[in-house]
Amino acid sequence: MSLGLPGHLVQLTLTRALARAAHWFALTCLMAAVVSVAVLSLHSPELWVTVGVVVAMGALLVLFTRHRRIAFAVAYLVVGTLGVYVFTTTVLGVPDAFPASNMFLVAMPKMALVMVGGAGITAVGGVLWSTAAFILAEASAFLAILTTTVPYRPDLFTLSTYLVLVGAMVLAGIDRRASNAAQPAIHRAVQDGANRQLRDALDTRAIALLNDTTVAQLVALSLAEPGALSPGLTASLKYTLTTLHDTNWLTDIDARTNTALQPTDTQKLPSDAWLSSAVYTAIERSRDRGLVVEVTGDRDALARLDAESDRDVGLAVQHCLVNVILHAGVASAEVAVESDLSTISLLITDAGRGFTESESASDRLGIRQSVRRRIEQLGGSVLIWSRPGAGTNVRLTVPAAQIQPQDQPNRVKRPAA
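Residues numbered from 1 in each chain as written. Predicted model: local features only at pLDDT ≥ 70, side-chain atom pairs only at ≥ 80, totals over all residues. Heavy atoms only, no water.

Participant: Explain the packing of helix H3 (residues 70–92) against helix H4 (residues 104–114) residue by residue, including any values.
Facilitator: The N-to-C vectors of H3 and H4 enclose an angle of 180°; their axes lie 9 Å apart at closest approach. Considering their axes alone, H3 and H4 lie roughly antiparallel with respect to each other. Note on element contacts: H4 touches H3 through Leu105, Val106, Pro109, Lys110, Ala112 and Leu113, opposite Tyr76, Leu77, Gly80, Thr81, Val84, Phe87, Thr88, Val91 and Leu92. In terms of residue class, the contact of H3 with H4 is made up of 11 nonpolar, 3 polar and 1 charged. (Axes fitted to C-alpha atoms, helices over the stretch in contact; angles between N-to-C directions. Helix = DSSP H or I, 4+ residues; strand = E, 2+ residues; numbered from the N terminus. Parallel < 35°, antiparallel > 145°, perpendicular 65-115°, else oblique. Contact = heavy atoms within 4.5 Å. Nonpolar A, V, L, I, M, F, W, Y, C, P; charged D, E, K, R; others polar.)

Following this line, the structure appears as structure tokens:
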């Protein structure tokens, strides 16, 4: 039960559970004693004095349960010891009522007193408190019995209660030690799992960025015309070299690819949100490589993406467009932007030769890493519709900043940028 809890909660949880059970048992004993004495007092009015004693013990027990201070525990022991003496003397003093001292009624206040040990902070402390209460209760009852004519008999009820409580506290202490010994192993296992997830995430990002940078530029160079490089391709190569050299590209978000404003008021989406988005940057790079890209839909909705989402969506779109250049056999593609209250979707479409994803998975590492896993790590999804000879459609859906229905502006499709 305790191994699933953090180490600092195990002892506190078990202590509270044991204390609550012990106090409820003690209160039950005291209430039963009050009821029994009340019934007997109908024939022996002198027994009413014991009701006040038992009520005083119950009041101190409730106070101790709520505050759990040593002063209240000591007060409960003192009042309980006196209460056991008065209770035993009064009850056994009734003529011809009890043949011996080991009656269950006489044992109930003593069992309630022993339960003070259940509130110990540690197992050793609880055993000591319970032992002190047991000795005081038995000594007080023995002295009270000597003042009566009832013969003394050993009280097995109180002894059994004491042994059960001490046994429970000892077992709880053993369990705490076992759980404390197991906690470091559990923490190491949790840490190892977190490290594996981190390594997996870093591997995914490394493979994806390798496709986004080195592979993409190699494709661009292979498709360039002989001679001097175009200004767009030159700028793209310089940007890639700067990214690889000057940034921690496994962990950092490259701000140069994401200057999109992140508005807090969805009624004031910036008019240049599209031009400052990473998706626009990716499309312009593809155009520099000769691909004709038509853009439609709600482009300003990209301002609702946070910095990391904007960057990764832009890189995923860039890889899809690089695949069009490399594999589709056509020189044009379309990017449609759609949005709803909580997500943004981009549909990249081409009318090229198409492919079968299941059959091409072994040599389409970029689709798995640069597109699918990258979007899934953002909490989004990727759907691919393609077949040989019928073109390819890739739909990227990612979470975005919430927008209230009454605040959602009317969107009008714009012509290609």
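Participant: Can you break down a nonpolar patch on the surface residue by residue, with the values?
Facilitator: A cluster of nonpolar side chains, Tyr85, Phe142, Leu143, Leu146 and Tyr152, forms an exposed patch at the surface whose accessible area comes to about 480 Å². The element best represented in the nonpolar patch is helix H5 (residues 123–146), accounting for 3 residues. The residue Tyr152 is located in the loop between H5 and helix H6 (156–223) in this model. (Patch = residues over 30% accessible without salt bridge, like charges linked within 9 Å, V, L, I, M, F, W, Y side chains within 5 Å. Areas by Shrake-Rupley, 256 points an atom, 1.4 Å probe, with all protein chains shown as cover. Salt bridge = Lys/Arg side-chain N within 4 Å of Asp/Glu carboxyl O.)

Participant: Any chance you could break down the pairing of strand E3 (residues 343–350) for me, citing the residues and the numbers?
Facilitator: Here E3 lies mainly inside the structure; 6 of its 8 residues are buried. Judged from the 6 bridges that link them, strand E2 (residues 332–339) and E3 form a sheet pairing that is antiparallel. When the bridges of E3 are listed, Glu338 appears paired with Ser345. Linking E2 to E3, which pair antiparallel, is a turn of 3 residues. Where E3 and strand E5 (residues 392–399) come together, 8 bridges link them in antiparallel fashion. Residue pairing in the sheet places Ser345 in a bridge with Thr397 of E5. (Buried < 20%, exposed > 50% of the residue type's maximum accessible area, 1.4 Å probe, protein only. Pairing = 2+ DSSP bridges.)

Participant: Which residues make up the sheet that holds E3, and what are the values?
Facilitator: Ordered by their spatial adjacency, 5 strands build an open sheet running E1-E2-E3-E5-E4, and the pairing between neighbours is mixed. Looking at strand neighbours, the two that pair on one side only are strand E1 (292–297) and strand E4 (381–386), the edges of this open sheet. For this sheet the average axis-to-axis angle between neighbouring strands, irrespective of direction, equals 15°. Across the sheet, helix H8 (residues 278–288) lies against E1, E2 and E3, angled at about 155° from E1, the strand it touches most. Contacts from helix H9 (residues 307–328) reach E2, E3 and E5 within the one sheet, and its direction differs from that of E3 by about 10°.

Participant: Lay out the packing of aromatic side chains with the relevant residues and their values.
Facilitator: Scanning the model with the defined rule gives 4 aromatic pairs in all. Between the aromatic rings of Phe142 and Tyr152, the centroid separation amounts to 5.3 Å while the plane-to-plane angle is 85°, which identifies the pairing as edge-to-face. Separated by 10 residues along the polypeptide, Phe142 in helix H5 and Tyr152 in the loop between H5 and H6 bring together distant segments of the chain. What makes Phe142 partly exposed here is its relative accessible area of 36%. Between the aromatic rings of Trp274 and Tyr280, the centroid separation amounts to 5.6 Å while the plane-to-plane angle is 75°, which identifies the pairing as edge-to-face. (Phe/Tyr/Trp six-rings, centres within 6.5 Å; stacked < 30°, edge-to-face > 60°.)

Participant: Hey, could you go over the pairing of E5 for me, with residue numbers and the actual values?
Facilitator: One ladder, built from 6 bridges, connects E4 with E5; its direction is antiparallel. Residue pairing in the sheet places Val382 in a bridge with Leu396 of E5. Here E4 folds back onto E5 in antiparallel fashion, the turn holding 5 residues, of which Gly389 has a positive phi close to 85°.

Participant: An account of the UniProt feature "transmembrane region" (unreviewed entry) in the chain is needed here, citing residue identities and associated values.
Facilitator: As recorded in UniProt, the feature "transmembrane region" (unreviewed entry) lies at residues 21–41, 47–64, 71–92, 112–136 and 156–174. Across residues 47–64 one finds 94% helix and 0% strand; the C-alpha atoms that close the span lie 27 Å apart. From the first C-alpha to the last, residues 71–92 spans 31 Å; its make-up is 100% helix and 0% strand. (UniProt positions renumbered as here; feature names shortened; annotations may be inferred.)

Participant: How would you summarise the pattern of salt bridges if you had to cite specific residues and measurements?
Facilitator: Summed over the entire model, instances satisfying the criterion amount to 6 salt bridges. Arg287 serves as the salt-bridge partner of Glu284, at 2.7 Å between the closest nitrogen and oxygen. Linking Glu284 with Arg287, this pair stays in helix H8, spanning 3 residues, or about one helical turn. With a shortest N-O distance of 2.8 Å, Arg395 and Glu338 are connected by a salt bridge. Of the two residues, Arg395 is situated in strand E5 and Glu338 in strand E2; the sequence distance between them amounts to 57 residues. Looking at Arg395, the relative accessible area reads 23%, which means it is partly exposed. The class for Glu338 is partly exposed, based on a relative accessible area of 35%. Beyond isolated ion pairs, a larger network of salt bridges with shared partners links Lys110, Glu138 and Asp155.

Participant: Explain H5 to me, using residue names and the numbers behind them.
Facilitator: In this model H5 runs 35 Å from its N-terminal to its C-terminal C-alpha over 24 residues, within 8% of the 34 Å that 1.5 Å per residue would give. Along H5, the positions that sit buried rather than exposed are Ala123, Gly126, Ser130, Ala133, Phe134, Ala137, Glu138, Ser140, Ala141, Ala144 and Ile145. (Expected span 1.5 Å × (residues − 1).)

Participant: For H8, give the residues involved together with the corresponding values.
Facilitator: Those residues of H8 that sit buried are Ala278, Val279, Ala282, Ile283, Arg285 and Ser286. Take H8 and look down its axis: the buried residues cluster within an arc of 160°, on one side only. Directly beyond the C-terminal end of H8, a positive phi value near 100° is found at Gly290. (Arc of directions from axis to C-beta.)

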